[in-house]
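As a plain string of letters, each chain reads:
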Amino acid sequence: MMDRVRLLIILSRPLFLLGGALVYGLGVGIARYLGAPIDWSVYIIGQAYVTTMQLSAQYLNEYFDAPADQQNPNRTPFSGGSGAVGEGKLSQETVMWAALTALTVLASLTVVLISVVQLTPLLVTLVVLAFAGSFFYSTPPVRLSQTGYGELSTSILVANLVPIFAFVLQTGEMHRLLVMSTFPLTTLHLAMMIVFEFPDFLNDLKFEKLTLLVRVGWERGMVLHNILILTTFLLLGLAATFGLPWAIALPAFIPLPIGLLQIWQMRRIAAGGKPNWTTMAFTAVVLFGSVTYLLAFTYWTR
């Protein structure tokens, strides 16, 4: 019994759920910075909604990718599936039941959300886009994860729609600080997803899974990764130039050396160096998490 609980925890990818909580907190932090009173009951319901949507998307992804993931010899803690599904572990049927349970809870939370906040066209649009992006990432017939566009849709969902959703729940409207703060995170998240795909590259080719990296090729993928990281900090600088307070923007530049390290590592691999994809993935997670955290922390403490 305890072993199944442990496998369910692994299946749920707690680190990814923490990332969802971080970007959600960023959206509420911006609302607080702008003087909006925080409704903590709405905060909790909204966070539960985001986490449950993440869980349903992750479980569906595990279910539909299980045959390929189980034959991936290069799985890392961040890619190639959770490692919780297979012989002697959780069955695909169990994973599907977990997904259906999460979707049922999500439907219940939707009813609760409708009862505590005022529905607006903006909020409805955000919910519909977020659900469509998460549900159809792995689910047929769309399967965005196999089109080469799933990475972009996921990055927009995580780095843009979740903070905007959190902000709109508290304020009912949009603000330019949301765009200035979240667009740099979108490019950074996309760079992180590219790193995640390198260990799976040969396995994805084998199973004809058309990921972004498979579509552009590993050489162009390395260049794209480096450009995206540089673009992140360029966008932060442009945002500060056009109205994002420097007191907010400057702390987000602290992880820049980590970004430069990530670029150096990728260039070294491109030149023929032996890759350590687990270390690369960990560095990518730290980079995205630290920039997001510093933005959120600064908004919350100003």
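Scroll up for the structure.
Reading the values: the criteria
Residues numbered from 1 in each chain as written. Predicted model: local features only at pLDDT ≥ 70, side-chain atom pairs only at ≥ 80, totals over all residues. Heavy atoms only, no water. Salt bridge = Lys/Arg side-chain N within 4 Å of Asp/Glu carboxyl O. Helix = DSSP H or I, 4+ residues; strand = E, 2+ residues; numbered from the N terminus. Buried < 20%, exposed > 50% of the residue type's maximum accessible area, 1.4 Å probe, protein only. Contact = heavy atoms within 4.5 Å. Phe/Tyr/Trp six-rings, centres within 6.5 Å; stacked < 30°, edge-to-face > 60°.

Q: How would you summarise the pattern of salt bridges if you had to cite specific residues and measurements?
A: Per the stated rule, a full pass over the model turns up four salt bridges. A salt bridge links D3 to R6, with the nearest nitrogen and oxygen atoms 2.7 Å apart. Placement of both D3 and R6 in helix α1 (residues 2-11) is noted, with a separation of three residues, approximately one turn of the helix. The class of R6 is partly exposed, set by a relative accessible area of 43%. The partner of D65 in a salt bridge is R143, and the shortest N-O contact between them spans 2.9 Å. Taken together, the residues D65 in helix α3 (residues 40-69) and R143 in the loop between α5 (121-135) and α6 (150-171) connect sequence positions 78 residues apart. No difference in accessibility class separates D65 from R143, as the two residues are buried. Counted as one network, the salt bridges with shared partners bring together D65, R143 and K209.

Q: I'd like a rundown of the environment of F167, residues and numbers included.
A: Tracing the backbone through its elements, the reader meets F167 in helix α6. With a relative accessible area of 2%, F167 lands in the buried category. Separated by 121 residues in sequence, F167 and G46 have C-alpha atoms that sit 10 Å apart. Every residue in contact with F167, bar those within four places of it in the chain, is listed here: G27, I30, A31, L34, G172, E173, M174, H175 and L178.

Q: Can you break down the packing of aromatic side chains residue by residue, with the values?
A: In total, this model carries 12 aromatic pairs according to the counting rule given. Residues Y49 and F165 carry aromatic rings whose centres are separated by 5.8 Å and whose planes lie at 35° to one another, so their mutual orientation is tilted. Here Y49, found in helix α3, pairs with F165, found in helix α6; they are 116 residues apart in sequence, far enough to count as distant. Relative accessible area serves as the criterion here: at 5%, Y49 is assigned to the buried category.

Q: Could you give me a rundown of unusual backbone geometry, with the residues and numbers involved?
A: Geometrically, the link from P140 to P141 is a cis peptide bond, its omega value of 5° lying close to zero. Tracing the sequence through the fold places P141 in the loop between α5 and α6. Unusually for a residue other than glycine, R13 sits at a positive phi of about 50°. By secondary structure assignment, the location of R13 is in the loop between α1 and α2 (14-33). A residue is classified by how much of its surface remains accessible, and R13, at 12% relative accessible area, is buried. With phi around 55°, E208 is a residue other than glycine that occupies positive phi space. Looking at the secondary structure, you find E208 in the loop between α8 (201-206) and α9 (212-216). Here E208 falls in the exposed class, since its relative accessible area comes to 69%.

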